[in-house]
Amino acid sequence: MVIAIYDGEFITDYIDCDIPTREEMDGSTDDEFNKVVAEYKQDMKKIEGKEYEAMNLKELLVKLKKQDSIL
């Protein structure tokens, strides 16, 4: 799942919906894991005050293709 970020009617960015877990990063150091979690938190700040929508990657692809055909 991702969060699509809109500027008006167009998607301008997207971020991962889910916070990284230790299981996903098996084998990484604590520093590497903490860096990824910090990046996730920073990404989540991007949606503050903006219009956004959660969707799966297939839905995002369909919307971006439609958006591309308009531009």
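Residues numbered from 1 in each chain as written. Predicted model: local features only at pLDDT ≥ 70, side-chain atom pairs only at ≥ 80, totals over all residues. Heavy atoms only, no water.

Engineer: When you look at the overall build of the chain in this model, what are you seeing that I'm missing?
Structural biologist: Secondary structure assignment for the chain yields two helices and three strands. The N-to-C order of helical and strand elements in the chain reads β-β-α-β-α. Computed over its C-alpha atoms, the radius of gyration of the chain comes to 14 Å, more than 25% above the 11 Å expected for a compact globule of 71 residues. Scored against the burial criterion, the 71 residues of the chain give a buried share of 25%. In the form shown here, the chain has an accessible surface area of approximately 5,500 Å², with 50% of it arising from carbon and sulfur atoms. The average position of the 10 basic charges and that of the 18 acidic charges among the side chains of the chain differ by 4 Å. (Helix = DSSP H or I, 4+ residues; strand = E, 2+ residues; numbered from the N terminus. Rg over C-alpha atoms; globule rule 2.2 N^0.38 Å. Buried < 20%, exposed > 50% of the residue type's maximum accessible area, 1.4 Å probe, protein only. Areas by Shrake-Rupley, 256 points an atom, 1.4 Å probe, with all protein chains shown as cover. Lys, Arg positive; Asp, Glu negative; His and termini not counted. Charge placed at Lys NZ, Arg CZ, Asp CG, Glu CD.)

Engineer: Sorry if this is basic, but what is going on with the sheet that holds strand β3 (residues 51-55) here?
Structural biologist: The pairing of strands in a sheet happens through backbone hydrogen bonds and is either parallel or antiparallel. With antiparallel pairing, three strands are arranged side by side in an open sheet as β2-β1-β3. Each having just a single partner strand, β2 (10-16) and β3 make up the two edges of the open sheet. With strand direction ignored, the average angle separating the axes of adjacent strands in the sheet is 30°. Bridging between strand β1 (residues 2-7) and β2 involves six bridges; their strand directions are antiparallel. Residue pairing in the sheet places I5 in a bridge with D13 of β2. (Pairing = 2+ DSSP bridges. Axes fitted to C-alpha atoms, helices over the stretch in contact; angles between N-to-C directions.)

Engineer: Just checking my understanding: could you explain the pattern of salt bridges for this structure?
Structural biologist: Here the idea is simple: oppositely charged side chains can pair when their charged atoms come close. Throughout the structure, instances matching the rule amount to four salt bridges. In this structure, E53 and K63 form a salt bridge, with 3.2 Å as the shortest nitrogen-oxygen distance. Remark: K63 occurs in helix α2 (residues 57-70) and E53 occurs in strand β3; sequence separation between them is 10 residues. Of the residues examined, E53 reaches a relative accessible area of 31% and is grouped as partly exposed. (Salt bridge = Lys/Arg side-chain N within 4 Å of Asp/Glu carboxyl O.)

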